[in-house]
Amino acid sequence: MYTGNQLREMFLKFFESKGHRILPSASLIPKDDPTLLLTVAGMVPFKPYFQRRVEPPFPRATTSQKCVRTPDLEVVGKTARHHTFFEMLGNFSFGDYFKEGAITWAWEYITEILKLPAEKLWVTIYPEDDEAKRLWIEKAGVNPERIVHDESNFWAAGPTGPCGPCSEIYVDLGETRGCGSPECALGCDCDRFLEIWNLVFMQYNRDEAGTLTPLPKQNIDTGMGLERIASVMQGVKSNFDTDLFRPIIDKVAELARISYGENPKHDIALKVIADHSRAVSFMLSDGIRPGSEGRGYVLRRILRRAIRYARLIGIEKPFLEQVFLIIQRDYAHHYPELKDNENFILNHLRLEEKNFQATLEQGTQILQDKVKSLQVAGQTVLSGTDAFNLYETYGFPVELTEEMLSEQGMTVDMDGFQEAAEEHRRRAREQSQQAKAVVESAALTEKAKLLKDTEFLGYGELQATVKIEGLFDEGLEVQDAGEGDEVICFLSETPFYAESGGQVSDSGVIKTQKAEAEVLEVKKGVTGTVYHKVRVKAGVLSSGETVQAIVDSNTRLSTARHHSATHLLQQALRTVLGEHVQQAGSLVTPDRLRFDFTHFSALTSAEIEALENKLNEAILANLPVSATEMSINEAKQSGAIALFGEKYGDLVRVVRMGNLSKELCGGTHVHSTGEIGLVKIISEAGIGAGLRRIEAVAGLETLAYTRSLENQAQELAQTLKAQPSDVIKRVSGLMTQVKELEREIQQLHSKLAKSEVQTLLDRVQDIDGVPVLAAKVQAPDMDSLRQMADMLKDKLNEGVLVLGSVAEGKVNLVTVVNPVGLRGLHAGQIIKEVAKITGGGGGGRPDMAQAGGKDPSKLGEALDQVQTIIRRFFGK
């Protein structure tokens, strides 16, 4: 019996023997692919090669690619073969061999290496692919009776991109695995026939309109799920019973003090947790952080689902760390990132598990209350507003709400949820800082492929004589660009730094004796060609002419100061806070620097002061700054820090600052640290779970910032009629006066409230034997309104209170039911109905609840309806 690790190695070695280069798995974060959140198939990293946007450096490759898919999330654990994370074994040809090679090698591997009997194998083909059918019969020797047409045999990794007809290989697992029907055959929904390999004959590119265009060269993309072939070779009924999963399942079962295989519901939970734990571990190992949108939300959703299933089998305490260590033990030899990034993974597991435990307890209790209310009312649909409030207020995923409700035979009004969430999504889109992919026309792409890499001269020169290699206006190549035109300009070489690594691009001009263009933006395409977006300010630029490319030296120097300061900041953070600090993103501009890093608590003022001291000590030391190119292995061995989650080429640039800092970096820097000038941290804040952000200024920007503070201090002193040195003392005295006045006001409100209480008690009405008081009162805020309700409650031994007030243009409402459960009344349900009339909402406990409203003009109407609302709860 082969282990999963052996099967992975056998596949890669087999195709290496056929001239394929073995490559490590790419990251789960697709590179330069805005169409995908996650790597969903083995071919995703090779899409630029298939589309010929980049020339492949080798004709053949083979990989075991990490993949994550979530469309079948809800059925994971309930079937034998569905997963979120899986490994895709694949062999690829980039314009080299085509159908014959793919078919014959696949059959050779299946029948001669794995030794699966041919009489147990079936092949499906696209109905119009006569060539594939002929090759299966003539070259592979497959019995024609075991070849089946399938209309679905047309494959693509996404809605757009490379695609083509495919052939699938199935294994017949025997009648005992089938449905028992005499008509059971290939295509039946039962588990008898298992697809183990898909051979995609990549012939087309599909655009957003669905149009298929032949690719420049024909390619091969195959995919074999490691988990599936392991289940076949190990003779087990489910992927979860293979050695790829069982150690994980056994560990979870041990923590839950249950046994796998004894209780079907427990087994589903164990499978879900095992699957999701793998997905979470590998996503974190590639630098994906839990978040509220994008791939971060996918990660958080999977992680939280695992925690919830753990609670269903009795695991109340944090457990994911222990499960991760099993995954690391069994997978790190092939995926070293599980070991290299251990601290990052564990820190996020601990934090997310801790946070969600509290969320789950609170959200589950609220949802259970909602369910009870629906059951009492004879309803089965939770409102979209309630579902969204659970999500927005408590971080309770709507998918989890749906899943928990489905267990009670209930659903969520998803249309209502989407309406309630629309404004939230709009804000999230506005806040998204993800860079948009350069939209390239076919002509622009072809030109970039022809030009290939643009040599960067800017490390040593800020001015160069170069040639215009091409001008493009709205995707079309043009010969000339005149005054006012904004065009893309290709240069033979460039001194302009292209936006990369968090550093913004250079600015400057391109000029001739008769023309001048302002350089607005500089980016690098996937081919390595540099795109200069320019606006012609005077004259005419022409393709083919020689020009002067001149970088704005002041802006470049200011940017370099901030970039070099960023390197020193990272070293200072690791010194002051600890080696766990890792860069999570950065922005370097001429005006400021922004540095995101992993850390799990806010920095104290003492820590910030220590950082500033370390930074400026290194600057005053005037350390030499040097840059050296070396191999990636040499760089890592030298101790250079790499950006977590980034994939580097074989040759990298290492920037060194004395013996203090050493990082992989392609950006521009000062020549010695003394050129940076004074650095001042201007803010530190949290931007997500386990993520902090520092903003700082350097050089002349620090001087400008300091002057701004001085001017503010001077204005404040003049306003307070005090000397700048006495401002704090003066403000402190004013704050004391304000507190005393607020105390007096509060005392007056209390006296007025006591006086009003007696008047209000005279307005109590009897509704079916229950004393009810619904009244508008004077209360400046919600706290005051609650205090008045407490005073009335003490005076009114039994009954219902509904008090409303208007403060700052909004409605405040408080409801009290005393004693709790009086005649089955629920304060939260009453106030919800009352608040609805004022355009608001709220809720709370059975004995006390509060709410807000948007329309003060409706408060009187709402209070008038209290009697009707209470009678409705009495069923009258």
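Relevant structure appears above.
A short tour of the structure in this document, coming up.

1. Here's the deal with the packing of helix H9 (residues 320–331) against helix H11 (residues 342–377)
Thinking step 1. Two elements in contact, H9 and H11, have axes whose closest approach is 9 Å; the angle formed by their N-to-C orientations is 150 degrees. With respect to their mutual orientation, H9 and H11 come out roughly antiparallel. Crossing geometry of H9 relative to H11 is assigned as right-handed. Touching Leu320, Glu321, Phe324 and Gln328 of H9 are Glu342, Ile345, Leu346, Leu349, Arg350 and Glu353, all from H11.
Thinking step 2. In terms of residue class, the contact of H9 with H11 is built from five nonpolar, one polar and four charged.

2. Details of helix H6 (residues 246–256)
Thinking step 1. Among the residues of H6, Ile248, Ile249, Lys251, Val252, Ala253 and Ala256 are the ones counted as buried.
Thinking step 2. At its buried positions, H6 is contacted by helix H7 (264–285) and H9.
Thinking step 3. In the segment just after H6, Arg257 is the residue with positive phi, at about 60 degrees.

3. Topic: the pairing of strand S9 (residues 212–225)
Thinking step 1. In terms of strand pairing, strand S3 (residues 85–94) meets S9 through five bridges, oriented antiparallel. Looking at S9, one finds that Phe92 is bridged to Asp221.
Thinking step 2. Sheet analysis places strand S8 (residues 193–206) next to S9, joined by eight bridges and oriented antiparallel. For Val200, the partnering residue across the bridge sits in S9 and is Asp221.
Thinking step 3. Turn length for the S8-S9 hairpin, with the two strands adjacent in sequence and antiparallel, is five residues, and the turn residue Gly210 shows positive phi of about 90 degrees.

4. Re the sheet that holds strand S24 (residues 593–598)
Thinking step 1. Read from one edge of the open sheet, four strands run S23-S24-S29-S28, paired in antiparallel fashion. Two strands in the sheet have a free side with no partner beyond their single neighbour: strand S23 (583–588) and strand S28 (679–688). The average undirected angle you get between the axes of adjacent strands in this sheet is 15 degrees.
Thinking step 2. Across five bridges, the pairing between S23 and S24 is antiparallel. Each bridged residue has a counterpart across the sheet, and for Leu587 the counterpart in S24 is Arg594.

5. Quick notes on the pattern of salt bridges
Thinking step 1. Within the structure shown, the criterion is met by 47 salt bridges.
Thinking step 2. Note that Glu74 and Arg301 form a salt bridge whose closest N and O atoms lie 3.2 Å from each other. With Glu74 in the loop between strand S2 (60–68) and S3 and Arg301 in helix H8 (residues 294–312), this residue pair connects regions lying 227 residues apart in the sequence.
Thinking step 3. Three or more residues are tied together by salt bridges with common partners; here these are Glu74, Arg301, Arg305, Arg308, Glu403 and Glu407.

6. A few points about unusual backbone geometry
Thinking step 1. Geometrically, the link from Asn818 to Pro819 is a cis peptide bond, its omega value of -5 degrees lying close to zero.
Thinking step 2. In the Ramachandran plot, Lys115 falls in the positive-phi region, its phi being about 60 degrees despite a non-glycine side chain.
Thinking step 3. The residue Lys115 is located in the loop between helix H3 (99–113) and strand S4 (121–125) in this model.
Thinking step 4. A residue is classified by how much of its surface remains accessible, and Lys115, at 61% relative accessible area, is exposed.
Thinking step 5. For Lys721, which is not glycine, the phi torsion reads 55 degrees and is therefore positive.
Thinking step 6. Within the secondary structure layout, Lys721 lies in the loop between helix H19 (700–720) and helix H20 (727–761).
Thinking step 7. Overall, Lys721 belongs to the exposed group, its relative accessible area being 76%.

7. Observations concerning the side chain of Asp275
Thinking step 1. Of note, Asp275 is situated in helix H7.
Thinking step 2. At 5.3 Å, Arg278 is the nearest oppositely charged side chain to Asp275, a buried residue that forms no salt bridge.
Thinking step 3. Apart from residues no more than four positions distant in its own chain, Asp275 is found in contact with Val76, His82, His83, Thr84, Phe85, Phe240 and Phe245.

8. Section: the packing of aromatic side chains
Thinking step 1. In the structure shown here, the tally under the stated rule is 30 aromatic pairs.
Thinking step 2. Look at Tyr97 and Trp105: their rings are 4.8 Å apart centre to centre, the planes differ by 80 degrees, and that puts the pair in the edge-to-face class. Take Tyr97 and Trp105: they sit in the same class, and that class is buried.
Thinking step 3. Three or more aromatic residues link up through ring pairs in this structure, and these residues are Phe46, Tyr49, Phe50, Phe58, Phe92 and Phe94.
Thinking step 4. The positively charged end of Arg308 is found above the aromatic ring belonging to Tyr309, 5.9 Å away from the centroid.
Thinking step 5. Residue placement shows Arg653 over the ring face of Tyr459; its charged tip is 3.7 Å from the ring centre.

9. Description of the side chain of Arg81
Thinking step 1. Along the chain, Arg81 turns up in the loop between S2 and S3.
Thinking step 2. A relative accessible area of 16% places Arg81 in the buried class.
Thinking step 3. Side chain to side chain, Arg81 and Asp191 meet in a polar contact 3.2 Å long.
Thinking step 4. Those residues in contact with Arg81 that lie beyond four places of it in its chain are Cys190, Asp191, Phe193, Leu194, Arg228 and Asn239.

10. Remarks on the state of the cysteines
Thinking step 1. Tallied over the full model, the rule gives zero disulfides.
Thinking step 2. With no disulfide of its own, Cys184 has Cys190 as its nearest cysteine by sulfur position, at a separation of 3.6 Å.
Thinking step 3. Cys184 gets classed as buried once you look at its relative accessible area, which sits at 14%.

11. Topic: helix H13 (residues 398–406)
Thinking step 1. In terms of burial, H13 is largely enclosed, as seven of its nine residues are buried.
Thinking step 2. Residues of H13 that are buried include every one of Val398, Glu399, Leu400, Thr401, Glu403, Met404 and Leu405, and no others.

Each value, and the rule that gives it
- Residues numbered from 1 in each chain as written.
- Predicted model: local features only at pLDDT ≥ 70, side-chain atom pairs only at ≥ 80, totals over all residues.
- Heavy atoms only, no water.
- Axes fitted to C-alpha atoms, helices over the stretch in contact; angles between N-to-C directions.
- Helix = DSSP H or I, 4+ residues; strand = E, 2+ residues; numbered from the N terminus.
- Parallel < 35°, antiparallel > 145°, perpendicular 65-115°, else oblique.
- Left-handed = near helix turned anticlockwise from the far one by under 90°.
- Contact = heavy atoms within 4.5 Å.
- Nonpolar A, V, L, I, M, F, W, Y, C, P; charged D, E, K, R; others polar.
- Buried < 20%, exposed > 50% of the residue type's maximum accessible area, 1.4 Å probe, protein only.
- Pairing = 2+ DSSP bridges.
- Salt bridge = Lys/Arg side-chain N within 4 Å of Asp/Glu carboxyl O.
- Lys, Arg positive; Asp, Glu negative; His and termini not counted.
- Phe/Tyr/Trp six-rings, centres within 6.5 Å; stacked < 30°, edge-to-face > 60°.
- Lys NZ or Arg CZ within 6 Å of the ring centre and 35° of its normal.
- Polar contact = N/O pair within 3.5 Å; in protein donor to acceptor, adjacent residues only side chain to side chain.
- Disulfide = S-S within 2.5 Å.

Any functional reading would require information beyond the geometric quantities listed.
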